[in-house]
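# Architecture and fold: a report
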Amino acid sequence: MSDMFKKIWLQFQRKRKITGYGGLLLCAVFAYTLMLNSIPDKIYVEHGQTPDYSFGVPVTETVVKSRQVFANQQPAPKGAVHLTQRSAGTDAADSYQVLCKLFGAIPVKQIEVQEVSKKELIPAGTNIGIYVKNERIMIIGTGEVTDESGVKSEPAKNVVRSGDCILAVNGKKASSKDELVKMISFCKGEKVRLKLLRDGEEIEVSIKPVRSQEGVYQIGIWVRDDIAGVGTLTYVNGKGEYGALGHGITDADVGSLIDVHNGSIYETTILEIRKGQRGQPGEMSGMINYKDEYKLGTIKENTSVGIYGTLTNMPEELEDAAGVPVAYKESIKKGPAQIISSVEGSRRAYDIEIQQTDYHSEGNNKGIQFQVTDKKLLKNTGGIIQGMSGSPIIQDGKIIGAVTHVFISDSKMGYGIFIENMLEH
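So, here's what we can say about the structure.

Rules used in this analysis
Residues numbered from 1 in each chain as written. Predicted model: local features only at pLDDT ≥ 70, side-chain atom pairs only at ≥ 80, totals over all residues. Heavy atoms only, no water. Helix = DSSP H or I, 4+ residues; strand = E, 2+ residues; numbered from the N terminus. Buried < 20%, exposed > 50% of the residue type's maximum accessible area, 1.4 Å probe, protein only. Contact = heavy atoms within 4.5 Å. Pairing = 2+ DSSP bridges. Axes fitted to C-alpha atoms, helices over the stretch in contact; angles between N-to-C directions. Phe/Tyr/Trp six-rings, centres within 6.5 Å; stacked < 30°, edge-to-face > 60°. Patch = residues over 30% accessible without salt bridge, like charges linked within 9 Å, V, L, I, M, F, W, Y side chains within 5 Å. Areas by Shrake-Rupley, 256 points an atom, 1.4 Å probe, with all protein chains shown as cover. Salt bridge = Lys/Arg side-chain N within 4 Å of Asp/Glu carboxyl O. Lys, Arg positive; Asp, Glu negative; His and termini not counted. Charge placed at Lys NZ, Arg CZ, Asp CG, Glu CD. Polar contact = N/O pair within 3.5 Å; in protein donor to acceptor, adjacent residues only side chain to side chain. Core = buried A, V, L, I, M, F, W, Y, C linked by side-chain atoms within 4.5 Å.

Scanning the protein chain for helices and strands turns up five helices and 28 strands. In the protein chain, which comprises 425 residues, the share counted as buried stands at 44%. Summarising the internal contacts of the protein chain: among those between residues at least 6 apart in sequence, 64% fall at separations of at least 24.

Here it is in structure tokens:
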């Protein structure tokens, strides 16, 4: 029995040692991944400035001691960040890569450093009404049609899909909902051929129309060719060009980014604010006046990181607003900051607390996580609500980003996009 006990004990000790090594390996992998994710893939630095490579990782002093290399080709000291590639012919490279080494020997990550000119932007925070005309007619669903005898049917079911875009009807281009309705109503009951764009491919389907109780031929599809809503202007540059929202305009029913044919932004009046609650984001509702005198500018681009265009009229509350410097993600600190919003009808700053930054945020518009601390904003809105997307984020007198999302579980919490992600669209 003693030999058996001894054998069992040795096996137990061996397994415990293996388990211990496995735990150490797991911890090492976790620490390495954390360090890797704490270092950005790309940073921006103003011409003439020395990059700051202290990214707050646990081994900052040994991982990334920084020394920028200029045209005199002075080598970096051992254990520092080593230049692996650079542009030639200038005192400071327009862009170059640096290799971060742990203990001066173990390669960790290569960073692209992009040198840029000093920028100033007017942080807006003003409410805007948005109207966008889709480049194509989008199908958002199918529905029933009641014929002249009272029988209900759904002729387009399992033929078209939500998100399909209609390119042509019976070989003729359809540019609007009104054109589509006319084309189908004049079909005389014959099958309608729809040319569709589905998942990037052109296909053709046929649908037999139904003569409705109103005497009009219908194929039972719901479509959309425009969209309107309320958002926030983020910034205006010295050329009158603007950026807004911090995310793209998507179709609420199908979730896809809208191809903009033409669009405009307008002055808007906020009529109602619904406070955010746990599990239910709040929102602000506004009235958009589409008269020419209330038009602020055009929408030229709708991208995943915002909408862009040129102002034709500067919003009145921005006429005397001063520009502020741009600050990039590596300079953002945990702690106090402000967002600028007109959620109460006039432009003002509200206090927030930046809790963390994520250099590798999925989708590029959740890099900043913050909490609203302003008592007045919390009282009036509960925190971040729909319509505040695009509100500029200011820290130490510099614009660092824009509000993009609210936590559905907690309206006091929000996400923001780095300002450089909006500027490099």
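After that view, the rundown keeps rolling.
Read once around its circumference, the closed barrel built from six strands follows the order 23-24-25-28-27-26, with strand pairing classed as antiparallel. Geometrically, the sheet is characterised by an average inter-axis angle of 45° between neighbouring strands, direction not taken into account. Here four bridges tie strand 25 (residues 368-372) to strand 28 (residues 410-418), and the two strands are oriented antiparallel to one another. Within the sheet, the bridge partner assigned to Gln369 lies in strand 28 and is Tyr415.

On to unusual backbone geometry. For Asn170, which is not glycine, the phi dihedral falls at a positive 50°. With respect to the helices and strands, Asn170 occurs in the loop between strand 9 (165-169) and strand 10 (172-173).

Here we come to the environment of Ile399. Take Ile399: it is sitting in strand 27 (residues 398-407). Taking the relative accessible area as the measure of exposure, Ile399 reaches 0% and is therefore buried. Sequence separation of Ile399 and Tyr328 is 71 residues, and the distance between their C-alpha atoms is 8.6 Å. Leave out the neighbours within four places in its chain, and Ile399 touches Leu121, Pro123, Tyr235, Val324, Pro325, Val326, Ala327, Pro392, Ile393, Ile394 and Ile419.

On to the packing of aromatic side chains. Scanning the entire structure with this criterion turns up five aromatic pairs. With a centroid separation of 5.2 Å and an interplanar angle of 20°, the aromatic rings of Tyr44 and Tyr328 are classed as stacked. On the criterion of sequence distance, the pair formed by Tyr44 in strand 1 (residues 42-46) and Tyr328 in the loop between strand 22 (324-325) and strand 23 (335-341) is long-range, its members being 284 residues apart. With relative accessibility at 9%, the residue Tyr44 sits in the buried group. An aromatic cluster of at least three residues, connected via ring pairs, comprises Tyr131, Tyr266 and Tyr290.

To continue, consider the pairing of strand 16 (residues 241-244). Relative to strand 16, strand 15 (residues 221-236) runs antiparallel, the two being bridged by three bridges. Among the inter-strand pairings, Leu233 is bridged to a residue of strand 16, identified as Ala244. One ladder, built from four bridges, connects strand 16 with strand 21 (residues 306-311); its direction is antiparallel. Each bridged residue has a counterpart across the sheet, and for Gly243 the counterpart in strand 21 is Tyr308.

What follows is about a negative patch on the surface. Negative charge collects at one region of the surface, where Glu267, Glu316, Glu317, Glu319 and Asp320 lie side by side. Its location among the elements puts Glu267 in the loop between strand 17 (260-266) and strand 18 (268-274).

Turning our eyes to something else, we now look at the side chain of Lys329. Within the secondary structure layout, Lys329 lies in the loop between strand 22 and strand 23. In this structure Lys329 is buried but unpaired, with Glu420 as the nearest side chain of opposite charge at 4.5 Å. A polar contact of 3.3 Å, which involves the side chain of Lys329, links it to the backbone oxygen of Lys42. If we ignore the near neighbours within four places in the chain, the residues touching Lys329 are Pro40, Lys42, Tyr359, Phe418 and Glu420.

On to the nonpolar core. Soluble globular proteins: nonpolar side chains tend toward being buried together. If you look at the biggest cluster of nonpolar residues, it comprises 22 residues, and the most contacted ones within it are Ile339, Phe370, Ile384, Met388 and Ile393. Not counting residues up to four positions away in its chain, the partners in contact with Ile384 are Ile339, Phe370, Val372, Val403, His405, Val406 and Ser411. By size, the runner-up hydrophobic cluster in this structure holds 21 residues, among which are Ile128, Ala244, Ile265 and Leu318.

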